[in-house]
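# Structure at a glance
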Amino acid sequence: MTGVLVVLVGLAVLLARPWSGGPTTDASPSAPSLRPPTPHDEVRSVSVDFDVVTDPRTDWDAVDRHLDQAGANAVNLNAGRVEFTAFDWSAHPDAAAEPGTDHLAVASSHLVHAPDGTHRAISLIVDAFVPAWIKADPSIAGVDPQGRRSTHIASASALYDGPVGDRLVAYVTALGQRYDPSTIELTELFFSSYTYGPDDLALYRRLTGATDWPRAADGSIDTTDPSISRWRNTVMTHLLQRTRAALDAVRDGAGRQIGLTLDVRVDWDDPAAGKPYNGQDYRALLAGVRDLRLQLWAYVGRPVRPAASVAGLTRSLADAGYDMSRFIVSVGLWSGSSSDSTQAPIAPGVLDVAVRGAATSGVTDVNVTPYALMTDAHWDVLSSVWGETASASPAP
């Protein structure tokens, strides 16, 4: 036991070096890897919100106990956005949530090893929204067919080969170099109504050879034309290819072992189709990006749908011939509309059915999100479902 304590204390010191007040860099090669030495055969993860990650009052020992109770062998920590980061990023020091504190190091030092000494897989989440950047520079915002700018979503051109895509790739690279995580997960990276500004029209012309947007009979943009979905998926695939290539190169090539995951929306009526209009054509993305994995938003509380539909989702994808090892099923706890400020979670019984359904049809990687909405009853559910089945790797 003494030896284990010494290892854990040493790990905490190594990872929490920013507390010393000395200079920090984006490269921390001497810090232990957050990837298990042997990948878990089955992954059971919980995602921790950015507000929890960066809150100095967070009791990480309590988080550790919850994960242990649940049988979770992995944890996903939200690393923030390119404009609001969980550590001092030297490229953009003004973006730090709390200058001088590496919140990811603090969290990881407590969570990387379970109480029995096994190594948890720690992944880092990057949110692609850029509301503060758009407020400061509206030119990067996506524009809808009526000329209105998004408050959160960058234009397709800003992501394809513009400043937002460049900074997103750079941030992923910095995270890979600094922490050597199990996976980098990109979330909120999708196209909605905001890809129709002059800059995006120029990109559409460049990538398709067309001279203008497809038009309806009344002269308005025909947003349902398949060419727009294909173009959006070309843009998304290109950005992910850039991200994958940059990640491959970190740590003298060891970055090839760091996974890349994209959070994706679900078409519950036709799951195999993915969401092409959002730039999330599953087949195109999986074919175009090496080892990319897709994390399905299996959110049964927003809008409300039967918890049993999660098992139907995995069955539909398997029946369509997908390689199910490239899917992660994420069960979201949110309920009600996205504008509902109460943020009440789905009932524990709903979580039970949804989580059991997530691990069907060959899916071996299941996630529950977010940590902040978990109650004791929800932890009891995960303990019941995962406690006896979660697979953990031997201690390093």
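Our structure's up above, just so we're on the same page.
How each quantity is defined
Residues numbered from 1 in each chain as written. Predicted model: local features only at pLDDT ≥ 70, side-chain atom pairs only at ≥ 80, totals over all residues. Heavy atoms only, no water. Core = buried A, V, L, I, M, F, W, Y, C linked by side-chain atoms within 4.5 Å. Buried < 20%, exposed > 50% of the residue type's maximum accessible area, 1.4 Å probe, protein only. Contact = heavy atoms within 4.5 Å. Axes fitted to C-alpha atoms, helices over the stretch in contact; angles between N-to-C directions. Helix = DSSP H or I, 4+ residues; strand = E, 2+ residues; numbered from the N terminus. Parallel < 35°, antiparallel > 145°, perpendicular 65-115°, else oblique. Left-handed = near helix turned anticlockwise from the far one by under 90°. Nonpolar A, V, L, I, M, F, W, Y, C, P; charged D, E, K, R; others polar. Polar contact = N/O pair within 3.5 Å; in protein donor to acceptor, adjacent residues only side chain to side chain. Salt bridge = Lys/Arg side-chain N within 4 Å of Asp/Glu carboxyl O.

This next bit is on the nonpolar core. Counting 108 residues, the largest nonpolar core has Leu77, Leu104, Leu175, Ile184, Leu186, Leu382 and Trp386 as the members making the most contacts within it. Not counting residues within four places of it along the chain, the set of residues in contact with leucine 77 comprises Val48, Val53, Leu104, Ala107, Ser108, Leu111, Ile122, Ser123, Leu124 and Ile125.

Between helix H7 (residues 163–179) and helix H9 (residues 226–249), the shortest axis-to-axis distance is 9 Å and the interhelical angle comes to 30 degrees. As far as their axial angle goes, H9 and H7 are roughly parallel. Considering the relative orientation of H7 and H9, their crossing is right-handed. For the pair H7 and H9, the contacting residues are Gly165, Asp166, Leu168, Val169, Val172, Thr173 and Gly176 in the first and Leu239, Arg242, Thr243, Ala246 and Leu247 in the second. Taken together, the residues of the contact of H7 with H9 break down into 6 nonpolar, 4 polar and 2 charged.

In this structure, histidine 66 sits in helix H3 (residues 60–70). Sequence-distant contacts of histidine 66, that is, excluding residues within four places in its chain, are made with Tyr371, Asp376 and Trp379. Within the structure, the side chain of histidine 66 is placed 3.4 Å from the side chain of tryptophan 379, a separation counted as a polar contact.

Further remarks concern the side chain of asparagine 78. Mapped onto the elements, asparagine 78 comes out in strand E2 (residues 74–78). Here the side chain of asparagine 78 touches glycine 80 through a polar contact of 2.8 Å, landing on its backbone nitrogen. Not counting chain neighbours up to four residues away, the residues in contact with asparagine 78 comprise Val48, Asp49, Phe50, Val53, Leu104 and Ile125.

Turning next to the pattern of salt bridges. Pairing between side chains of opposite charge can happen when the charged atoms of each approach one another. Tallied over the entire structure, the rule returns 17 salt bridges. Among the ionic pairs, arginine 256 bridges to aspartate 248, the shortest N-O distance being 3.4 Å. Looking at arginine 256, the relative accessible area reads 48%, which means it is partly exposed. Salt bridges sharing common partners tie together Arg244, Asp248, Arg256, Arg290 and Asp291.

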